[in-house]
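# Working through the structure, step by step
Now for the letters of each chain:
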Amino acid sequence: MTTPRITARIADGIASIPASQWDACAGGDNPFLSHAFLSILEESGSADVSTGWQPVPVVIDGPDGHAAAVAPVYAKGHSQGEYVFDHAWADAWERSGRRYYPKLQVAVPFTPVPGPRLLVRPDMPDAYAAGLIAGIAAFADQNGLSSAHASFVEAAQIPLFEAAGWLIRQGTQFHWHNDGYDSFDAFLGDLASRKRKAVRKERERAVEGLTIRHLTGSEITEAHWDVFWQFYQDTGSRKWGRPYLTRPFFSMLGAAMADKVLLILAERDGRPIAGALNLIGADALYGRYWGCTQDVPFLHFELCYYQAIDAAIARGLSRVEAGAQGEHKLARGYVPVPTWSAHYIPDAGFRSAIAEWLEQEKIAVAHEQEYLGELTPFRKAAT
């Protein structure tokens with residue numbers, strides 16, 4: 001797999017790449033792109049060959065012999081755990097008598113968090129990012145794969161994929177933005193009166209008789225992970241049928257990245273009954289998993305959205321990203337933002353059909369985002 005000046009290779013898993021070299025490319029802003037997080041997914045048995053997520057990271061070595069650019073790439077045997085849905089594409093391809101799987105996925109498994117997917121060391125030339133794209137496409141071509149997909153790509157990298165001929169798809173998430181607030185009440189002051197009252201009422205009802213605790217670092221023990229595993233199992237079995245993450249994943253996360261973890265627990269009489277797991281980035285709080293053993297009205301909103309806002313304000317973070325989908329987040333002050341994915345389809349006919357489908361979808365998504373933008377709870381500016 002070559003470009004005129006750059007050679008890309010496939011590594012035997014992310015854990016096989018020295019952590020210092022991977023992190024020199026990934027930077028420290030987004031915890032999900034760290035060597036620690038990705039290798040924990042792999043080594044815990046959450047994202048490996050047995051679960052249909054075979055790690056095949058693409059690496060470009062620099063003149064010094066160290067990794068100069070990397071991309072988290074997986075050979076996928078299914079389309080689960082991606083949050084950008086291509087099941088209809090797979091059905092169409094297989095109805096034509098061909099195999100859609102395995103495919104390549106450039107992503108953080110089970111994690112709909114936007115970020116860079118082409119990770120280039122700051123001292124390396126920009127051409128290395130294009131080299132990664134070329135390497136991924138060549139890998140798909142040389143192995144006769146149906147497609148390659150990069151999901152939740154930061155907007156700044158989308159032009160690189162477009163220039164390489166990848167198809168671009170747009171989606172929507174809901175993020176909370178910190179407009180310099182020094183307290184939750186200051187945030188509420190920007191909401192319309194009726195919405196402000198509704199949020200206050202939800203918060204009062206949610207925490208009645210409960211104690212809310214924020215834990216991070218060494219405060220999180222194995223007993224806490226045991227409890228959270230119960231929460232995660234309950235939510236996973238109801239939403240997906242099979243939870244993606246293994247129990248060892250949480251212990252390994254706590255051991256390697258405790259300072260990046262914020263665990264928010266609701267306790268009744270000293271016993272946790274619900275929890276929300278967040279990761280702390282350089283400028284964002286990322287909400288990932290939630291679960292409970294007792295149903296309490298509005299407690300999901302309290303732990304996942306309102307407490308996350310409290311934590312972001314306290315830490316001076318600029319935003320909260322609370323995961324995929326969820327129009328119910330609008331009423332809680334989370335606003336619609338675009339997300340992006342890129343798709344390499346080698347077959348010309350299949351590519352043409354998907355391109356036409358994406359054009360129609362793009363129109364629908366634009367209309368939806370415009371409509372959702374009118375539903376935010378913030379006070380309307382006087383005209």
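None of these values were measured; they are calculated from a predicted model.

### Here we look at the overall build of the protein chain
The helix and strand tally for the protein chain stands at 11 helices and 15 strands. Each principal axis of the C-alpha atoms in the protein chain carries an extent, and together these give about 65 × 50 × 45 Å. A burial count over the protein chain gives 55% of its 383 residues as buried. Within the protein chain, residue pairs in contact and separated by at least 24 positions form 75% of the contacts whose partners lie at least 6 positions apart.

### Things to note about empty space enclosed by the protein
Using the criterion set out here, one finds three cavities of 30 Å³ or more in the structure. Estimates place the volume of the largest cavity at around 50 Å³. In terms of lining residues, the largest cavity is bounded by Glu82, Val84, Asp86, Trp89, Lys103, Gln105, His149, Ala150, Ser151, Ser341 and His343. At the level of elements, strand E6 (103–106), strand E8 (148–150) and strand E15 (335–344) are the ones that each hand at least two residues to the lining of the largest cavity. Classifying every residue of the lining of the largest cavity gives three nonpolar, five polar and three charged. Looking at the second largest cavity, the residues that line it are Trp53, Gly81, Glu82, Tyr83, Ala107, Val108, Phe110, Thr111, Arg117, Ser151 and Phe152.

### Regarding helix H4 (residues 127–142)
For H4, spanning 16 residues, the distance from its first C-alpha to its last is 22 Å, which sits close to the expected 22 Å at 1.5 Å a residue. Among the residues making up H4, those that are buried are Tyr128, Ala129, Gly131, Leu132, Ile133, Gly135, Ile136, Ala137, Ala138, Phe139 and Ala140. Just past H4, the residue Gly144 takes up positive phi, approximately 65°.

### Let's talk about the side chain of Glu202
Looking at the secondary structure, you find Glu202 in helix H7 (residues 193–207). Those residues in contact with Glu202, other than ones at most four positions away along the chain, are Phe298, Phe301, Tyr306 and Arg332.

Each value, and the rule that gives it
Residues numbered from 1 in each chain as written. Predicted model: local features only at pLDDT ≥ 70, side-chain atom pairs only at ≥ 80, totals over all residues. Heavy atoms only, no water. Helix = DSSP H or I, 4+ residues; strand = E, 2+ residues; numbered from the N terminus. Buried < 20%, exposed > 50% of the residue type's maximum accessible area, 1.4 Å probe, protein only. Contact = heavy atoms within 4.5 Å. 1 Å grid on protein atoms, 1.4 Å probe; cavity = no way out; pocket = protein on both sides within 12 Å on 5 of 7 lines; lining within 4 Å. Points joined across faces, edges and corners; volume = space filled by probe spheres on them. Nonpolar A, V, L, I, M, F, W, Y, C, P; charged D, E, K, R; others polar. Expected span 1.5 Å × (residues − 1).

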